[in-house]
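# Architecture and fold: a report
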Amino acid sequence: MSYRVRRHLWAAGLIVLFFVTWEVLCIALNVSDLIVPRPSQIFEVMIRRMPVLWPHMVQTLWTTMIGFALGVAVGVVIGALVGTSRTAYDTAYPLLIGFSSIPKVAVVPIFVLWFGVGPVPAILTALAMCFFPIVVNIATGLATTEPELEDVLRSLGASKFDILLNVGLPRTMPFFFASLKIAATFAFVGTVLAETVASNKGIGNVMMAASSNFDVPLVFAGLFILAFMGVALYAIFSLIESRVVGWADRRDSGLAA
């Protein structure tokens, strides 16, 4: 059995152990489902109410994907400018850090005031949550490009754009995919945050309605659904990363040896 297979089996076993321990503790301590429901109760609610939950899942997913895609586009453009221009770095970084420091829950009412209740505030909140990691990682990757490579290309007559295209962008790929996996989870946070305030549809709205009715298992079911979607998106980007920048990851070979 290879190291990779053993690693995945250990990980799956620990996850199962986590849920089994949770179930046993809730039963042994007689914990009320109004405080912490058992995993079996949560999964039962998810399966039984899936016909009702499904449209809300689709709403949250597509809203998050649109906000995430816009956040990636904005983050790549700003990150490339910041990473290649000292003037852009000195100008944009204080503004970006200031905006990132603002709690996004304080921004949602502004989006609602501008665009009304609906998917637009959720899309914009997801964008606002996820673009900053993209900017930082793209700028870091470009700023840490080896000067020797740039000097060689300049000596061969390459323009600044040629250096960016042939050295800078490939150099940033590991940073870019690392930021994608972080930004994807942030995008879900932004979407659900907006849905709890400014939407009549989505998992965030379902969780708010369930909490007001003291339906704690349904609240946890919403959390589990969000976790599943986040893990799935993370896994997709990890798979793409392994195909695109597998050359940058030597952990398996080192550990196997």
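Residues numbered from 1 in each chain as written. Predicted model: local features only at pLDDT ≥ 70, side-chain atom pairs only at ≥ 80, totals over all residues. Heavy atoms only, no water.

Named according to an unreviewed UniProt entry, the protein is ABC transporter permease originating from Haematobacter massiliensis. Taken directly from UniProt, the Subcellular location (unreviewed entry) text for the protein runs: "Cell membrane". Of the protein, the UniProt comment under Sequence similarities (unreviewed entry) reads exactly: "Belongs to the binding-protein-dependent transport system permease family." (UniProt positions renumbered as here; feature names shortened; annotations may be inferred.)

### A short note on the packing of aromatic side chains
In this description, a pair of aromatic rings is defined by centroid distance and the angle of the planes. Under the counting rule described, the total for this entry stands at 15 aromatic pairs. Relative to Trp 22, the ring of Phe 19 has its centre 6.1 Å away and its plane inclined at 15°; by these criteria the two rings are stacked. Here Phe 19 and its partner Trp 22 are both found in helix H1 (residues 3–28), three residues apart, which amounts to about one turn of the helix. For Phe 19, a relative accessible area of 24% translates into the label partly exposed. Exposure remark for Trp 22: the relative accessible area of 16% places this residue in the buried category. Considering the side-chain rings of Phe 68 and Phe 237, the 5.4 Å spacing of their centres and the 45° angle between planes classify their relative orientation as tilted. With Phe 68 in helix H3 (residues 50–84) and Phe 237 in helix H10 (residues 216–244), this pair connects stretches of sequence that are 169 residues apart. When the ring centre of Phe 99 is taken as reference, the NZ or CZ atom of Lys 104 above it lies at 5.1 Å. (Phe/Tyr/Trp six-rings, centres within 6.5 Å; stacked < 30°, edge-to-face > 60°. Helix = DSSP H or I, 4+ residues; strand = E, 2+ residues; numbered from the N terminus. Buried < 20%, exposed > 50% of the residue type's maximum accessible area, 1.4 Å probe, protein only. Lys NZ or Arg CZ within 6 Å of the ring centre and 35° of its normal.)

### Let's talk about the UniProt feature "transmembrane region" (unreviewed entry) in the protein
As annotated by UniProt and renumbered to match this structure, "transmembrane region" (unreviewed entry) occupies residues 9–31, 60–83, 95–117, 123–144, 175–198 and 218–240. Counting secondary structure, residues 95–117 comes out at 65% helix and 0% strand; the distance between its end C-alpha atoms is 28 Å.

### Re the side chain of Asp 215
Its place among the elements puts Asp 215 in the loop between helix H9 (203–212) and H10. We classify Asp 215 as buried; its relative accessible area is 18%. Once residues within four sequence positions are removed from consideration, Asp 215 is found in contact with Arg 49 and Ala 210. (Contact = heavy atoms within 4.5 Å.)

### Details of the pattern of salt bridges
Counted according to the given criterion, the structure contains three salt bridges. Of the charged contacts, one joins Arg 38 and Glu 23 as a salt bridge, the two residues approaching to 3.1 Å between their closest N and O atoms. Residue Arg 38 is located in the loop between H1 and helix H2 (39–48), and its partner Glu 23 is located in helix H1; the two are separated by 15 residues in the primary sequence. We classify Arg 38 as partly exposed; its relative accessible area is 27%. (Salt bridge = Lys/Arg side-chain N within 4 Å of Asp/Glu carboxyl O.)

### Brief notes about the nonpolar core
Counting residues in hydrophobic clusters, the biggest one holds 39 residues, and the most contacted among them are Phe 68 and Leu 180. Ranked by residues supplied to this core, first place goes to H10 with eleven residues. Ignoring any residue separated from it by four or fewer positions in sequence, one finds Phe 68 in contact with Cys 130, Leu 180, Ala 183, Ala 184, Ala 187 and Phe 237. In this structure, Ala 92, Leu 96, Phe 131 and Phe 132 belong to the second largest nonpolar core, which totals eight residues. (Core = buried A, V, L, I, M, F, W, Y, C linked by side-chain atoms within 4.5 Å.)

### What about the side chain of Gln 59?
Here Gln 59 is to be found in helix H3. Under the relative-accessibility criterion, Gln 59 is labelled buried at 11%. Once you skip the residues sitting within four places of it in the chain, Gln 59 turns out to touch Pro 119, Glu 195, Lys 201 and Gly 202.

### Describing a nonpolar patch on the surface
Taken together, Trp 54, Val 58, Trp 62, Ile 66 and Leu 70 make up a surface patch of nonpolar side chains, about 460 Å² in accessible area. Of note, Leu 70 is situated in helix H3. By relative accessible area, which is 40% here, Leu 70 ends up partly exposed. (Patch = residues over 30% accessible without salt bridge, like charges linked within 9 Å, V, L, I, M, F, W, Y side chains within 5 Å. Areas by Shrake-Rupley, 256 points an atom, 1.4 Å probe, with all protein chains shown as cover.)

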